[in-house]
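Next come the chains, spelled out residue by residue.
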Amino acid sequence: CGVFRPVALDAGHNANARPQEAQPADAALVFGAVVRNGVISPLHAERLDAASALYERGIIPQIVVSNQQLAAKLMRDYLITKDVPEHAIRLDGRAERTPDTCRAEARRAQPRRVIMISQRFHLPRLALQCRNLGVQGQYLMADSSTRAPAVFGLVSKYVVPEQHEKRPSFGLNFPGFTRLNLLR
């Protein structure tokens, strides 16, 4: 039986299971999620908590919250309640989708070392889109330990181990990640 590993470590582009494993960087990019009725979702909270933990440990001096303007402000406000000072938070309030966040980072005049934060199910797509635009860095899984098994089950329903390549599938190959074979 093959081992399913959608994300693997490599020397240049790390996918970290938890904030404790992250290496120092210039900033964390917190990718947005849906905001309903002005409330941060549990997915948002996991991502923001991971960023807050990195800041608290001194791994990053800056957190970029990326979403639509109102949602980005709510993300900032959440971080402030977690004792992240406002001067350490930057708003990217023009991101409607994942590639928007990647494009904003790629347009920076000075490239920087970043930690991209989202959930396990989002990281392969996020990494592919950002790396296609030249944005590289660490990828941090912000899944809570209580919810992660359910997410893993959802993702593994669509991503199959290498041994099942005989099935109709297409593969995603990019450095830093194990080949992902997705069922059509």
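Within the protein one finds five helices and nine strands. Secondary structure elements of the protein occur, N-terminal to C-terminal, as β-β-α-β-α-β-α-β-α-β-α-β-β-β. Residue burial in the protein is summarised as follows: out of 184 residues, 48% are buried. Once local pairs closer than 6 in sequence are excluded, the contacts in the protein between residues at least 24 apart make up 66%. Total accessible area on the protein is roughly 9700 Å²; 53% of this is exposed by carbon and sulfur atoms.

Tallied over the entire structure, the rule returns six salt bridges. Between Asp100 and Arg103 there is a salt bridge whose closest N-O contact spans 3.0 Å. Here the residue Asp100 and the residue Arg103 both occupy positions in helix 3 (residues 98–106), the gap between them amounting to three residues, near one helical turn. A residue is classified by how much of its surface remains accessible, and Asp100, at 16% relative accessible area, is buried. Relative accessible area serves as the criterion here: at 31%, Arg103 is assigned to the partly exposed category. Taken together, the salt bridges that share partners define one network made up of Glu105, Arg108 and Arg112.

Among the nonpolar cores identified, the biggest contains 26 residues, and Leu54, Val65, Ile115 and Ile117 are the most heavily contacted of them. Going through the elements one at a time, strand 2 (27–31), helix 1 (42–56), strand 3 (63–66), helix 2 (69–81) and strand 5 (114–118) are the ones with two or more residues in this core. In contact with Val65, other than residues within four places in its own chain, are Val30, Leu48, Ala72, Met75, Arg76, Leu79, Ile89, Arg90, Leu91 and Asp92. With 13 residues, the next largest nonpolar core counts Cys102, Val114, Leu126 and Ala127 among its residues.

What counts, and where the lines are drawn
Residues numbered from 1 in each chain as written. Predicted model: local features only at pLDDT ≥ 70, side-chain atom pairs only at ≥ 80, totals over all residues. Heavy atoms only, no water. Helix = DSSP H or I, 4+ residues; strand = E, 2+ residues; numbered from the N terminus. Buried < 20%, exposed > 50% of the residue type's maximum accessible area, 1.4 Å probe, protein only. Contact = heavy atoms within 4.5 Å. Areas by Shrake-Rupley, 256 points an atom, 1.4 Å probe, with all protein chains shown as cover. Salt bridge = Lys/Arg side-chain N within 4 Å of Asp/Glu carboxyl O. Core = buried A, V, L, I, M, F, W, Y, C linked by side-chain atoms within 4.5 Å.

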